Amino acid sequence: MNDASAATLGFLRRRRRAHRSPQQRSDRFTALYTVGLYTAIGAWAGFQALRQGPARGGSAVWLTGGGLARVATVALLLGLLAALRYATWQGPVVFTAPEVQFLLSSPLPRAELVRVRLGRGLLVGAAAGAALGLAAFVLLEAELAVPAWPLLAAALCGPAAFGVLAAALGWLVESSPVTARVVLLASPLVLAAAVAAWLGGAAAVGADPWSGPWGWAAGPLVAAAGGRDPGWPLQAALLAVVAVAAVVAAWRTAARVTLEELERRAGTRSGLGASFFMADPRGAALLRHQAVRSLVGVRRLGLRHPRRRWLALPWRDGLSLLRTPGRVGWALVLCGSGALAVAVTPGRRLLAAGAVVVAYLGAARLVEPLRGEADQPDASRQLPWRWGDLILLHTVTPILVLTAIGLAVTFALALAGLVPAPALGMAAAACLQVAAALVWSAAIAGQRGRLGLDQFLTASAMGELAGPLYLVRWFATGPLVALAALLGPILVLQAAAGSPRPRAQAAAANAASLLVTALAIQGAWLRSRHPPD
């Protein structure tokens, strides 16, 4: 950078400080102080609460015998995936629209302007990793009562270095559209790898700390907590080398990003600010979807037009899924992960509930056309159906797709020996009913329209306790309905596992009757709905 550019950037920094009022500086300090104070209070309260009831022998043995390694590895891998996917549409370096139009378009070194924001992004990544490590330290120290200082050092340094690595890789993704497309296409595979690492059992315990930077960051923490990981010094060295290399690569490629890419992200940021100001999370989600869709493009595929009128909406929904196959891929990964978790470790109620929620998230990916219909309910008045019938027609294609996914997953688990041969027919026959329960649960949540100012005003009028519960109920309606519909039959079947054949057949009949009753209630409730206001 030459002297003239350095002088110009220095003048720009001084003018920004001059235009920053004392009130703005005071507000920023107050916000940071409040966050730090409440974080310290929460950490101390949680530590004391956990310390009063230390872990039983079984929990401590599970943590030090490989459970901590699996949890930390999977959590860091999912955190890296989330950071890289965030970088495909925002990232660690985001300018505002005026900055792109006036500052970056001026004859100033773009690399220096980007490096200022990149440095902040690296610091934010380190702070986020350190905060995650601090939470892990509080939990582990309270539960295991191991030596505090080695555990604190491992809990802070490893995740902080991993956070810096995630921020640096995020910039490399942000500055390269090709890399961003690779991240988007490979995300389901990474999620499947995380599930395999979680369900790998004893074979994965030794491999997880060496599986990548996410395992290298977890290795010192496992060793400091009393687990067996003799290679943690080498893992820490590898993490440091990779993090430094990523930071150097990101710093050198600061000028590689195009002005058009920064302008696109600035426009998305402006839209996000408007959506959050108007309390419209649905609008923010649509902005993210639009930004990601501009990277992967739209596949121009077609289907034969249906001959019957009632097939028009299923035909349109099928066309939408063909043009955005990522929804089907995510549904396959999520539903397959839930089914695999239940098949590997049957009999655990909490795991079964988690599998239902994960499968619901997969089904919710398939009902996006219904949400689009609820965003503009006036458009449905031009169609020759009532709103309730319109909802049910929109669920035909997702139910069929999810049934096909369920059959594929069932037969794959049977080939792997995880589904007994006598139960294969019953599991295959239940795929349609389970798919309908999941899709209709997602439709119950999706047909309400957007969460807007009316709901926030209602929540604010309900008080400090009832208001947040009202908003939580709004977001948790779909998963709760899915649990109400499917958890009962699952528990009945789990209770009869290993029983004599007559009792198992009676349990299957009871589970089927519970599921049919839940489907009848869901279908009747959906058909009685009216368009959202």
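Residues numbered from 1 in each chain as written. Predicted model: local features only at pLDDT ≥ 70, side-chain atom pairs only at ≥ 80, totals over all residues. Heavy atoms only, no water.

Would you take a moment to explain the overall build of the chain for this structure?
Helix and strand counts for the chain stand at 23 helices and zero strands. Here the C-alpha radius of gyration of the chain, 26 Å, is about what a compact globule of 533 residues would show, namely 24 Å. Considering only C-alpha atoms, the chain reaches an extent of 85 × 65 × 50 Å along its principal axes. When burial is assessed residue by residue, the chain has 42% of its 533 residues classed as buried. Of the roughly 27700 Å² of accessible surface on the chain, a fraction of 68% belongs to carbon and sulfur atoms. Distance between charge centroids for the chain: 6 Å, based on 48 positive and 22 negative side chains. (Helix = DSSP H or I, 4+ residues; strand = E, 2+ residues; numbered from the N terminus. Rg over C-alpha atoms; globule rule 2.2 N^0.38 Å. Buried < 20%, exposed > 50% of the residue type's maximum accessible area, 1.4 Å probe, protein only. Areas by Shrake-Rupley, 256 points an atom, 1.4 Å probe, with all protein chains shown as cover. Lys, Arg positive; Asp, Glu negative; His and termini not counted. Charge placed at Lys NZ, Arg CZ, Asp CG, Glu CD.)

Teacher, can you tell me more about the nonpolar core here?
Judged by nonpolar contacts, the single largest core of 50 residues is most densely connected at F95, V114, F162 and W171. Here this core gets eight residues from one element, more than from any other, and that element is helix α6 (residues 148-174). If you look at the next biggest cluster of nonpolar residues, it comprises 42 residues, including A363, A435, A443 and L486. (Core = buried A, V, L, I, M, F, W, Y, C linked by side-chain atoms within 4.5 Å.)

Got a minute to help me understand the packing of helix α20 (residues 431-446) against helix α22 (residues 463-495) in this structure?
Working note: a packed helix pair is described by the angle between its axes plus the distance between those axes. Contact geometry for α20 and α22: axes closest at 8 Å, N-to-C directions at 150°. Between α20 and α22, the angle is such that the two are roughly antiparallel. Between α20 and α22 lies a crossing of right-handed hand. From α20, V434, A437, L438, S441, I444 and A445 reach across to α22, where they touch T477, G478, V481, A482, A485 and L486. Among the residues making up the contact of α20 with α22, the classes are represented as nine nonpolar, three polar and no charged. (Axes fitted to C-alpha atoms, helices over the stretch in contact; angles between N-to-C directions. Parallel < 35°, antiparallel > 145°, perpendicular 65-115°, else oblique. Left-handed = near helix turned anticlockwise from the far one by under 90°. Contact = heavy atoms within 4.5 Å. Nonpolar A, V, L, I, M, F, W, Y, C, P; charged D, E, K, R; others polar.)

Before we go on, may I ask you to explain helix α16 (residues 368-375) in this structure?
Two residues of an α-helix separated by three or four positions point the same way, owing to the 3.6 residues in each turn. Within α16, six of the eight residues are buried, which leaves it mostly tucked inside the rest of the structure. Those residues of α16 not exposed but buried are E368, P369, L370, R371, E373 and A374.

What exactly am I supposed to notice about the environment of L262 here?
In this structure, L262 sits in helix α11 (residues 259-277). For the pair L262 and V94, spaced 168 residues apart in the sequence, the C-alpha separation amounts to 6.9 Å.

Would you explain the environment of L37 in this entry?
Looking at where L37 falls in the secondary structure, it is placed in helix α2 (residues 22-52). A C-alpha to C-alpha distance of 30 Å links L37 and V74, two positions 37 residues apart in sequence.

Please explain the pattern of salt bridges as it appears in this structure.
As a working rule, side chains carrying opposite charge can pair if their charged atoms are close by. Following the criterion strictly, the structure yields 11 salt bridges and no others. The residue R115 makes a salt bridge to E112 at a minimum N-O spacing of 3.1 Å. One end of the pair, R115, and the other, E112, are both in helix α5 (residues 110-144), three residues apart, so they sit about a helical turn from each other. Between R316 and E373 there is a salt bridge, and its shortest N-O distance comes to 2.8 Å. Note that R316 is positioned in helix α13 (residues 312-323) and E373 in helix α16, a separation of 57 residues in sequence. (Salt bridge = Lys/Arg side-chain N within 4 Å of Asp/Glu carboxyl O.)

In this structure, what is going on with the packing of aromatic side chains? I would like to understand it.
Geometrically, a pair of aromatic rings is defined through the distance of the ring centres and the angle of the planes. One pass over the full model with this rule turns up one aromatic pair. On the numbers, 5.7 Å between centres and 80° between planes, the contact of Y86 with W89 is edge-to-face. For Y86, a relative accessible area of 40% puts it in the partly exposed group. Among the residues examined, W89 registers a relative accessible area of 12% and is labelled buried. A cation over a ring is seen here: R448 above W474, with NZ or CZ 4.0 Å from the ring centre. The positively charged end of R529 is found above the aromatic ring belonging to W525, 3.8 Å away from the centroid. (Phe/Tyr/Trp six-rings, centres within 6.5 Å; stacked < 30°, edge-to-face > 60°. Lys NZ or Arg CZ within 6 Å of the ring centre and 35° of its normal.)

Before we go on, may I ask you to explain the packing of helix α14 (residues 326-344) against helix α15 (residues 349-364) in this structure?
Where α14 contacts α15, the axes come no closer than 7 Å and their chain directions differ by 165°. With respect to α15, the element α14 is oriented roughly antiparallel. α14 and α15 meet at a crossing whose hand is left-handed. Two secondary-structure elements touch here, α14 through A331, L334, C335, G338, A341 and V342 and α15 through L351, A352, A355, V358, A359, L361 and G362. Considered class by class, the residues forming the contact of α14 with α15 number 11 nonpolar, two polar and no charged.

Is there a simple way to explain the state of the cysteines in this structure?
Should the sulfur atoms of two cysteines be covalently bonded, the bond is a disulfide. Enumeration according to the criterion identifies zero disulfides in this entry. C335 takes part in no disulfide bond, and the closest cysteine sulfur to it belongs to C431, at a distance of 10 Å. Given the relative accessible area of 12%, C335 is considered buried. When its relative accessible area of 9% is taken as the criterion, C431 is described as buried. (Disulfide = S-S within 2.5 Å.)

How should I be thinking about a nonpolar patch on the surface in this particular structure?
Among the surface-exposed residues, F29, Y33, L37, Y38 and I41 lie close enough to one another that they form a single nonpolar patch of about 580 Å² accessible area. Tracing the sequence through the fold places F29 in helix α2. (Patch = residues over 30% accessible without salt bridge, like charges linked within 9 Å, V, L, I, M, F, W, Y side chains within 5 Å.)

How should I be thinking about helix α10 (residues 232-252) in this particular structure?
Compared with an ideal rise of 1.5 Å per residue, which puts 21 residues at 30 Å, α10 spans 30 Å between its outermost C-alpha atoms and is within 8% of the ideal. Of all the positions in α10, only Q235, L239, A243, A246 and A250 are classed as buried. For α10, the buried positions fall inside an angular range of 65° around the axis, keeping them on one side. Every exposed residue of α10 that faces more than 90 degrees away from the buried side is listed here: V241, V244 and R252. Elements that come into contact with the buried residues of α10 comprise α5, α6 and α9 (213-224). (Expected span 1.5 Å × (residues − 1). Arc of directions from axis to C-beta.)

Can you walk me through the side chain of R327 in this structure?
Its location among the elements puts R327 in helix α14. Despite its burial, R327 pairs with no opposite charge, the nearest such side chain being E368 at 5.0 Å. The residues contacting R327, other than those within four sequence positions of it, are H289, S320, L321, R365, L366, E368 and P369.

Before we go on, may I ask you to explain the environment of T30 in this structure?
Tracing the backbone shows T30 in helix α2. The class of T30 is partly exposed, set by a relative accessible area of 40%. Considering only alpha carbons, one finds T30 and A511, 481 residues apart in sequence, at a separation of 56 Å.

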